[in-house]
Amino acid sequence: MPRLPETPVHLLEPLTSGGAVPTQWGVPWPRGTVPAAPTLELEPEVGGGRGDGDASRTPVDTWVTARWPDGSVKWTGHAALAPPGPARLVERQDGAPERPAGAARLEIHEGAAGSVTVDTGVLQMEIAPHGSAPIRRLEVDGREVGRAGRLVASSTSTADPAAPRREHQVRTTSVVIERRGAVQVVLRLEGHHEVDGERVLPFVLRLYATAGSTRLRVVHSIVWDADPASLFLTSLGLRLDVPLRAEPHDRHVRLAGSSGGFLTEAVRGVTGLRRDPGAEVRRAQVEGRATPPADTWAPTVSERLHLVPTWDDWTLRQLSAHGYTVAKRTAPDRPWIAAGGGTRSRGYAYLGDVSGGVGLGLRDFWKLIPTQLDVAGAARGTGTVTAWMYAPSADPMDLRFYHDGLGQETFADQLEALEITYEDYEPGFGDARGIARTHELVLDAFAATPSAEELAHRAATCAVPPQLVASPERLRTAGVLGAWDVVDRSTPQRAHLEDRLVLLREFYRGQVEQRGWYGFWDYGDVMHSYDPDRHSWRYDVGGFAWDNSELSPDLWLWLDFLRSGDAGAYRLAEAMTRHTGEVDQYHRGRFAGLGTRHNVQHFGCSAKQLRISSAVYRRCFYFLTADERTGELLDEVAASEESLLRVDATRKVREDVYRPDRRALAIGLGTDLGALLGAWLTAWERHGDPDAEQKLRSALRGIGELPQGFFTGEALWDLEERRFDTTRDRIQVSHLAAVFGLGEIVTELLDLIDEPGFAHAWDEYCRYYLAGPEEQAARFGAPLTGISLIPAYSRLLAAHAAATGDDEASARAWEKFFLGHGDQVNSDGMVGRADWSVERVAGPTVLEPVDEAAFLGTNGCAQYGLSAIQNLALIGDRLPERIPYLPAAD
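Cut-off values and rules
Residues numbered from 1 in each chain as written. Predicted model: local features only at pLDDT ≥ 70, side-chain atom pairs only at ≥ 80, totals over all residues. Heavy atoms only, no water. Pairing = 2+ DSSP bridges. Helix = DSSP H or I, 4+ residues; strand = E, 2+ residues; numbered from the N terminus. Axes fitted to C-alpha atoms, helices over the stretch in contact; angles between N-to-C directions. Contact = heavy atoms within 4.5 Å. Patch = residues over 30% accessible without salt bridge, like charges linked within 9 Å, V, L, I, M, F, W, Y side chains within 5 Å. Areas by Shrake-Rupley, 256 points an atom, 1.4 Å probe, with all protein chains shown as cover. Salt bridge = Lys/Arg side-chain N within 4 Å of Asp/Glu carboxyl O. Lys, Arg positive; Asp, Glu negative; His and termini not counted. Charge placed at Lys NZ, Arg CZ, Asp CG, Glu CD. Buried < 20%, exposed > 50% of the residue type's maximum accessible area, 1.4 Å probe, protein only. Parallel < 35°, antiparallel > 145°, perpendicular 65-115°, else oblique. Left-handed = near helix turned anticlockwise from the far one by under 90°. 1 Å grid on protein atoms, 1.4 Å probe; cavity = no way out; pocket = protein on both sides within 12 Å on 5 of 7 lines; lining within 4 Å. Points joined across faces, edges and corners; volume = space filled by probe spheres on them. Nonpolar A, V, L, I, M, F, W, Y, C, P; charged D, E, K, R; others polar.

J.: Can you break down the sheet that holds strand 6 (residues 73–81) residue by residue, with the values?
T.: Strand order in this open sheet of three strands is 2-6-5, and the pairing throughout is antiparallel. The sheet terminates laterally at strand 2 (22–28) and strand 5 (61–67), the two strands that pair on one side only. Within the sheet, the average angular offset between the axes of one strand and its neighbour, ignoring direction, is 20°. Relative to strand 5, helix 11 (residues 671–687) is tilted by about 140°, and along the sheet it contacts strand 5 and strand 6.

Below, the structure is given as structure tokens:
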């Protein structure tokens, strides 16, 4: 067996001191080097070198997430306890023990009626369907510390905040073991909500249990399928009951603040009283330890304990990304007493006593507003702790379309509106039914009230989960995910481009913060276009508002991370993928499999298209994390061509007569094709799906047989025979064809499938799109029309230059990238511009001070980023000696 490549891995962000917590990640392997899933361990690097042998190694689960066409392993997924620092994946030697001495063993038992019990060595839990509380019990050290874990929700039938609320019956209907390893098990729970006799809001709840850990990772995904005009969500949360056995003064509540601290309180406080119970009593209570027996306290306190109030409920409400409040009360019929507040809570709560308790946290707590943490019943025998994904203290969630249609009844009316607000409206299409949202939570079981340091560690790793990654160099050597190379600043020209790529990434990171792009449905997306007159993004102007993956910012950010390894780039791309894969895509209903073009509301545009639901935008995140939910999203679009039978994306502008037909389905050889090729390739790589492989090979062969290749613009696909009608002979050019992932996925396919006709058709497309009029006329009989987005298409010309060694084409590609149309500054204002200054705008014309770069828009930034990255990888060795818009060096 060949030796595996060296595979060092490291944490994106340093891990705070504290106990080990689970992590999950992915690693690519060069073609032909790994025949099957290897048996691996994590060996920590000590002082820059290797660890001290088997004793220092950590067991790792390894599974195959993708294969090369020759059957060898392309990507693997891994799960383990996160190492405290850099480590490397190493093979377990023959004869070596499966786990180091003392390492915990994961035990899983399937019981009657679908129940599953799991023992991680330090945590025992029972999960069962057919009830409203599927997390039956959590035990640590033989004691039950949590029970009846369940989803809770409520709604109203109107948008009126004062309307009566109806509690949902949230039913879990099945529990299956989705992945079973020696280190980690993933349980997949399915269910739905019942409201007034109607089944709505289907959900999937994943529970990740890891050997040696008392932490459960919880991933909740819900699909909105209710009528937005009659169901207004008023709360959605995860709740656990917590048995409380100790006296009230030995029961403890902790609520996380914004910078590592906690509200630290007892149910019955004995500090700050007029009389002192004794220093050791006070110290024990503050630290969460058992206080000395009450009869050893100062009698002036112990004999009056019944006169000290017990506090029953606490609430932390994060209704804004900029502030939270905390309050508590002694009973449900008593007023809330303010208990402090701050900016951005880390979203973690603890309830328990000296014999154990439960910590519950919600990742991105202040970013997914409105959110809330509640502790209730703390003065009683059983309390509850709830992490609210939608806060009950907020106004009802309203998903109705934002205007009344403005009289746009006909296609002519709607196309006219495009000319003024860029909004593509159509009655009935601005529908939220079918979109989804995923939240990540953690559930920690404790044998006693944890120390302040341990709680801080748990909250920190909830807010920013430890993420292992391989280096850009190691990723690059595997030859995966298209044309990119590691950051290289070896020349002034390269350094200039690298500086601009960093500026763009950091600008958007700053804009997310300054513009407040947060919220249950909004977090992860960015805006499309800027309005310099208002010093504001065009959040309220039709198709200029939320971007919804327009011109591939998802891809840009992922390639930026792959080549730089920058943690900020990763987290920005991760949030975007979580959003665009859920909110901007339909998962049920008539639009299932399609996404929605950019709009004031993520679901608002009537253009329901494959270019937004594209697997191309999810692949990087899936392979880097092996995330099961993202894998589920990729499976949803594996046969997304079927969705084109329900919606013709070009229905409003067609000049021919067309109705979707299974035997002659119109496929745009750009935005549609890129999405389909990405979906089929992903299904083939992940599952060895023979249907996906057959569709891929047939599509490539068919495009190669079209007389005009990609310049045909649109071809007819036979869903039954899985092939193109190759008799169509026409020329049609769309400037959008290759800016939604087509070029990126074709780059991968050319490396995987030998189809000479397709390779020739692609090379022609790359060569002639930016060719001069004479050259185009010589090939097509007339110059091409509809050519636009010149800098973006420079990377196609670069692909032709790299494939053919054409130095003239390389020079022209760089010219088009740097200058756009000749020496003219491109219409988006950023290309051909020497000055990329970001200005601070403050004063009475803006709500808050902001950084502004009025010449930037997301379309241009995404395509500039992709083109710069790929041009550097393809023809970086042929950069011009002088960047044309910069002054000559002295």
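Moving on, there is more to tell.
J.: Outline the sheet that holds strand 4 (residues 58–59), supporting the account with residue identities and numerical values.
T.: Across the sheet, five strands lie side by side as 4-3-7-1-29; this open sheet has antiparallel pairing. The open sheet is flanked by strand 4 and strand 29 (468–470), the only strands paired with a single partner. In this structure, strand 3 (residues 40–44) lies alongside strand 4, joined through two bridges in antiparallel fashion. For Leu-42, the partnering residue across the bridge sits in strand 4 and is Thr-58.

J.: Give me a negative patch on the surface: which residues, what numbers.
T.: A contiguous patch of negative charge on the surface is contributed by Glu-409, Asp-413, Glu-416 and Glu-419. Looking at where Glu-409 falls in the secondary structure, it is placed in the loop between strand 27 (382–390) and helix 3 (411–421). Residue Glu-409 is classed as exposed on the basis of its relative accessible area, which comes to 60%.

J.: I'd like a description of the pairing of strand 19 (residues 251–256), backed by residues and values.
T.: Burial of strand 19 is extensive: six of the six residues sit out of reach of the surface. Residues of strand 19 alternate between two faces, with Arg-251, Val-253 and Leu-255 on one and His-252, Arg-254 and Ala-256 on the opposite face, all of them buried. Here strand 19 pairs with strand 24 (residues 348–353) via five bridges, running antiparallel. Looking at strand 24, one finds that His-252 is bridged to Gly-352. Sheet topology places strand 19 next to strand 20 (residues 262–266); five bridges connect them, and they run antiparallel. From the neighbouring strand, Leu-255 faces strand 20, where its bridge partner is Leu-263. The antiparallel hairpin formed by strand 19 and strand 20 contains five residues in its connecting segment, where Gly-260 sits at a positive phi of about 100°.

J.: Explain the pattern of salt bridges to me, using residue names and the numbers behind them.
T.: All told, the structure shown has 80 salt bridges when counted by the stated rule. Two residues, Glu-426 and Lys-652, come together in a salt bridge whose shortest N-O distance is 3.6 Å. Placement of the pair is Glu-426 in the loop between helix 3 and strand 28 (436–446) and Lys-652 in the loop between helix 10 (628–636) and strand 34 (665–668), with a sequence separation of 226 residues. Across the pair Asp-431 and Arg-433 runs a salt bridge whose closest N-O atoms are separated by 3.1 Å.

J.: Let's hear about unusual backbone geometry: which residues, and what values?
T.: With omega at 0°, the peptide bond leading from Ile-369 into Pro-370 counts as cis. Position of Pro-370 relative to the elements: it lies in the loop between strand 25 (356–362) and strand 26 (371–376). Even without being a glycine, Leu-201 presents a positive backbone phi close to 50°. Following the sequence through the fold, Leu-201 ends up in strand 16 (residues 198–210). Judged by its relative accessible area of 0%, Leu-201 is buried. Its identity as a non-glycine residue notwithstanding, Tyr-422 has a phi of 65°, on the positive side. As for its placement among the helices and strands, Tyr-422 is situated in the loop between helix 3 and strand 28.

J.: Any details on the packing of helix 6 (residues 492–515) against helix 7 (residues 553–564)? Residues and values, ideally.
T.: For the pair helix 6 and helix 7, interaxial distance at closest approach is 12 Å and the crossing angle is 125°. The orientation of helix 6 relative to helix 7 falls into the category oblique. The element helix 6 and its partner helix 7 pack so that their crossing is left-handed. Where helix 6 abuts helix 7, its residues Glu-498, Leu-501, Leu-504, Arg-505 and Tyr-508 lie against Trp-556, Asp-560, Arg-563 and Ser-564.

J.: Tell me about the layout of surface pockets, and please be specific about residues and values.
T.: Here the second largest pocket defines a volume of roughly 900 Å³. Residue assignment for the lining of the second largest pocket shows that the elements contributing at least two residues are helix 6 and strand 31 (536–537). A per-element tally of the lining of the second largest pocket places helix 6 first, with three residues.

J.: How would you explain empty space enclosed by the protein if you had to name every residue and give the values?
T.: Scanning the entire structure with this criterion turns up five cavities of 30 Å³ or more. Surrounding the largest cavity, 23 residues form its lining, Pro-22, Gln-24, Arg-217, Glu-440 and Pro-465 being those nearest its centre. Within the residue set of the lining of the largest cavity, elements represented by two or more residues are strand 2, strand 17 (215–223), strand 28, helix 4 (452–463), helix 8 (567–582) and helix 9 (619–625). A volume near 100 Å³ is recorded for the second largest cavity. Of all the secondary structure elements, the ones that give two or more residues to the lining of the second largest cavity are helix 7, helix 9 and helix 13 (742–752). Counting residues per element, the lining of the second largest cavity draws most heavily on helix 13, which supplies five residues. Residues that form the lining of the second largest cavity fall into these classes: seven nonpolar, four polar and three charged.

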